[in-house]
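Architecture at a glance
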Amino acid sequence: MILAAAFWLRSARHPVPIVELPLLRIPAFAFATLAALLFTVAFAAMLLTSVLWCQQVWGYSAIRTGLAIAPGPLVVPVLAVASGPVVRRLGAGRTAATGCLLFAGGLVWWALALGAAPHYAAAFLPGMLVTGVGVGFALPTLVGAAATALPPGRFATGSAVTTMARQTGSVLGVAVMVGLIGEPRTAEAALTAFRHGWLTAAAVGVFAVAAALALARAAPAAAPGKAPA
């Protein structure tokens, strides 16, 4: 927190800061970036725990683990393309909120359905598919909404800020999961630790839903090209 405050003060006072703080005064950009950060915390937590679960609890090999998690990423590009008409109908905020909610639901499914005994098709696969659908609706929509909220002269800088927020979210997600899971010694301890991790990540996903809904309220008032730079 101290380092974050120091970074914020430095950005506010430096003539050429890494993060142009006035960009965060554009409500649609600020809420889209916040939602992307929160969503990426949950996404990084999901990705890490899915690999650790398959390898450390179910004893899958690296190749089998990769194949087990592949269905989720495979649906993302399809949904990213198909989400265009949904965004035009519902707006970016509501579309992203739907994706974040689905993603959180997939994590809750894992917390409720997975056990120490391997049951891939009935327990693991549904959660992976639902989280993949959530990513396809949420992440591209949030990135696009953040960019379109900016004046044309700030597209590059704003995209860099959004990317930085996503990378920060990834670091936080991994750090939180490592702290929550620890080094369980038994299958029961592992199940409890992973359930706590998935429920925590789902809660972060719900916060991302709230930020996306705030984006839905802010977006109509945003006028790209007229917002303060």
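Residues numbered from 1 in each chain as written. Predicted model: local features only at pLDDT ≥ 70, side-chain atom pairs only at ≥ 80, totals over all residues. Heavy atoms only, no water.

Turning to the overall build of the protein chain, a few remarks are in order. Of regular secondary structure, the protein chain possesses 8 helices and 0 strands. Ordered by position from the N terminus, the helices and strands of the protein chain form the series α-α-α-α-α-α-α-α. In summary, the protein chain has a C-alpha radius of gyration of 19 Å against a globular reference of 17 Å for 229 residues, a match within 12%. Projecting the C-alpha coordinates of the protein chain onto the three principal axes gives extents of approximately 55 × 45 × 25 Å. For the protein chain, buried positions account for 40% of its 229 residues. Counting contacts in the protein chain only where the partners sit at least 6 residues apart, residues at least 24 apart contribute 81% of the total. As displayed, the protein chain has an accessible area near 11400 Å², and 71% of this comes from carbon and sulfur atoms. (Helix = DSSP H or I, 4+ residues; strand = E, 2+ residues; numbered from the N terminus. Rg over C-alpha atoms; globule rule 2.2 N^0.38 Å. Buried < 20%, exposed > 50% of the residue type's maximum accessible area, 1.4 Å probe, protein only. Contact = heavy atoms within 4.5 Å. Areas by Shrake-Rupley, 256 points an atom, 1.4 Å probe, with all protein chains shown as cover.)

Running from N to C, helix α2 (residues 27–57) and helix α8 (residues 187–218) cross one another at 160°; their axes reach a closest spacing of 8 Å. One finds that α2 runs roughly antiparallel with respect to α8. At the point where α2 passes α8, the crossing takes the left-handed sense. (Axes fitted to C-alpha atoms, helices over the stretch in contact; angles between N-to-C directions. Parallel < 35°, antiparallel > 145°, perpendicular 65-115°, else oblique. Left-handed = near helix turned anticlockwise from the far one by under 90°.)

Looking at the protein chain as a whole, its pLDDT mean stands at 88, while 91% of the residues score no less than 70. A low-confidence stretch, residues 221–229 (pLDDT under 50), is modelled with 16 contacts involving residues beyond four sequence positions or located in other chains. (pLDDT = per-residue confidence, 0-100.)

What follows concerns helix α4 (residues 71–90). Taking 1.5 Å as the rise per residue, α4 with 20 residues should run 28 Å; its terminal C-alpha atoms sit 27 Å apart, in good agreement. Of all the positions in α4, only G72, V76, L79 and S83 are classed as buried. Elements that come into contact with the buried residues of α4 comprise α3 (62–69) and α6 (120–148). Downstream of α4 by a residue or two, G91 has a phi angle that is positive, lying close to 95°. (Expected span 1.5 Å × (residues − 1).)

Moving on, we come to the packing of aromatic side chains. Applying the stated criterion to the full structure yields 11 aromatic pairs. Ring centres 5.9 Å apart and planes at 65° place the aromatic pair W53 and W58 in the edge-to-face group. Here W53 matches W58 in class, with each residue buried. Seen in terms of ring centroids, W58 and Y60 are 5.7 Å apart; in terms of plane orientation they differ by 50°. Their pairing is tilted. Side by side, W58 and Y60 carry an identical accessibility label, which is buried. (Phe/Tyr/Trp six-rings, centres within 6.5 Å; stacked < 30°, edge-to-face > 60°.)

Attention now goes to the side chain of T141. Turning to its location among the elements, T141 is positioned in helix α6. You can call T141 buried: its relative accessible area is 7%. When residues no more than four places from it in sequence are discounted, the contact partners of T141 are S83, V87, A92, T95 and A96.

So, about α6. In a regular helix each residue adds 1.5 Å, so 29 residues correspond to 42 Å; α6 covers 40 Å between its end C-alpha atoms and thus fits that length. The largest bend along α6 reaches roughly 25° and is located at V135. (Bend = angle between axes of the 7 residues up to and from the residue.)

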